[in-house]
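Summary of the model geometry
Listed here are the chains, written in short residue letters.
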Amino acid sequence: MTTDISTQSKKGINGSLLIGVLLVVLGIVAIAQPAVSTIFAETWFALILISAGAAKLTYAFRTRNSGGFVWKVLLSILYIATGAMLFFSPLKGALTLTLLLGSFLLTEGVFELILAFRLRPQQNWTWVLGDGIITLLLGGIVWFQWPSNAPWLIGTLVGVSVLSTGISRVMLSLNARSALNSSDPATSV
């Protein structure tokens, strides 16, 4: 029974480690090609808004007899129009998204700091702390660099954030693997 749990734990840790390595690679690619990363992130966000607007419009028509139909349709049009504007004007959209990204990174940095202090009893918790500090600093950089470098800033900052998250995941996974191996009776024989 403990062998099954140990095997499952190792698979989970290895999966987490693999995701961490993938995030490191994707972060490096995003940093190496910041303009491409900016357009990719902005276009992805536009497609999400358009999809959400279409879903809201479908919902509005399916529930048209339950009240608020006009408001549901207007909200869905807002989503679709915003997504279309971002999709067809990616550079203008990048300016807007740069400010949104700055807000996101500042918020994520605060949450990462809170998470780090909650993980403090664990080994390597300082990697999450470092991730939070870096993300918070990146959010601050956005506000001071806007709008002159918005076309490449989003891609660079997203890349650094993804890289930092990948490194912290790799380190925590290695720590969990080490702890599991030291507590596994089969490995100590």
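Here's a quick rundown of the structure. (Residues numbered from 1 in each chain as written. Predicted model: local features only at pLDDT ≥ 70, side-chain atom pairs only at ≥ 80, totals over all residues. Heavy atoms only, no water.)

What follows is about the overall build of the chain. From N to C terminus, the chain includes six helices and zero strands. Counting helices and strands in the order they occur from the N terminus, the chain gives α-α-α-α-α-α. In terms of overall dimensions, the chain is more spread out than a globule: its C-alpha atoms have a radius of gyration of 21 Å, far above the 16 Å expected for 189 residues. When its C-alpha atoms are laid out on the principal axes, the chain stretches across 70 × 45 × 25 Å. Counting the 189 residues in the chain, one finds 32% classified as buried. Look at the contacts in the chain between residues 6 or more apart in sequence, and 78% of them connect residues 24 or more apart. On the chain, the mean spot of the 11 positive side-chain charges and the mean spot of the 6 negative ones are 12 Å from each other. (Helix = DSSP H or I, 4+ residues; strand = E, 2+ residues; numbered from the N terminus. Rg over C-alpha atoms; globule rule 2.2 N^0.38 Å. Buried < 20%, exposed > 50% of the residue type's maximum accessible area, 1.4 Å probe, protein only. Contact = heavy atoms within 4.5 Å. Lys, Arg positive; Asp, Glu negative; His and termini not counted. Charge placed at Lys NZ, Arg CZ, Asp CG, Glu CD.)

Moving on, we come to the packing of helix H4 (residues 90-118) against helix H5 (residues 125-145). Across the interface, H4 lies against H5 with an axial gap of 7 Å and an inter-helix angle of 160 degrees. Looking at the two axes, H4 sits roughly antiparallel to H5. Seen along the crossing, H4 lies across H5 with a hand that is left-handed. Here the residues of the contact of H4 with H5 are counted per class, giving 16 nonpolar, eight polar and three charged. (Axes fitted to C-alpha atoms, helices over the stretch in contact; angles between N-to-C directions. Parallel < 35°, antiparallel > 145°, perpendicular 65-115°, else oblique. Left-handed = near helix turned anticlockwise from the far one by under 90°. Nonpolar A, V, L, I, M, F, W, Y, C, P; charged D, E, K, R; others polar.)

Okay, a nonpolar patch on the surface next. Together, Val70, Trp71, Leu74 and Ile77 make up a nonpolar patch on the protein surface, roughly 460 Å² of accessible area in all. Locating Leu74 in the fold gives a position in helix H3 (residues 69-88). (Patch = residues over 30% accessible without salt bridge, like charges linked within 9 Å, V, L, I, M, F, W, Y side chains within 5 Å. Areas by Shrake-Rupley, 256 points an atom, 1.4 Å probe, with all protein chains shown as cover. Salt bridge = Lys/Arg side-chain N within 4 Å of Asp/Glu carboxyl O.)

Among the structural elements, Thr38 can be located in helix H2 (residues 34-62). Excluding its chain neighbours within four sequence positions, the residues that come into contact with Thr38 are Ala94, Ala150, Pro151, Trp152, Leu153, Ile154 and Gly155.

Another aspect to go through is H3. One turn of an α-helix holds 3.6 residues; hence residues three or four places apart share an orientation. With 20 residues, H3 extends 28 Å from end C-alpha to end C-alpha; this agrees with the ideal 28 Å at 1.5 Å per step. Three or more residues of H3 are buried, namely Lys72, Val73, Ser76, Gly83 and Leu86. Each buried residue of H3 sits inside an arc of 165 degrees when the element is viewed along its axis, so together they form one side. Away from the buried face of H3 by more than 90 degrees, exposed residues Val70, Trp71 and Phe88 are located. Lining the buried residues of H3 we find H2 and H4. (Expected span 1.5 Å × (residues − 1). Arc of directions from axis to C-beta.)

A separate point is unusual backbone geometry. It is generally the case that most residues other than glycine have a negative phi and that most peptide bonds are trans. A positive phi angle is found at Asn124, which is not glycine, with a value near 65 degrees. For Asn124, the position within the fold is in the loop between H4 and H5.

The next subject is H2. Taking 1.5 Å per residue, 29 residues should reach 42 Å; H2 reaches 42 Å between its end C-alpha atoms and fits that length. What H2 keeps buried is the set Ser37, Thr38, Glu42, Ala46, Leu49, Gly53 and Ala60.

Among the nonpolar cores identified, the biggest contains 12 residues, and these are Ala46, Leu49, Leu86, Ala94, Leu97, Leu101, Leu105, Leu138, Val142, Leu153, Ile154 and Leu157. Every element with two or more residues in this core is listed here: H2, H4, H5 and helix H6 (150-183). If you tally residues by element for this core, the top one is H4, at four residues. Of all hydrophobic cores here, the second largest spans six residues; its members include Leu113, Ala116, Val128 and Leu129. (Core = buried A, V, L, I, M, F, W, Y, C linked by side-chain atoms within 4.5 Å.)

This paragraph deals with the environment of Thr38. Under the relative-accessibility criterion, Thr38 is labelled buried at 0%. In this structure, the C-alpha to C-alpha distance between Thr38 and Gln123, residues 85 residues apart in sequence, is 35 Å.

Mapped onto the elements, Gln122 comes out in the loop between H4 and H5. Since its relative accessible area comes to 40%, Gln122 is described here as partly exposed. In sequence terms Gln122 and Gly140 are 18 residues apart; their C-alpha atoms lie 29 Å from each other.

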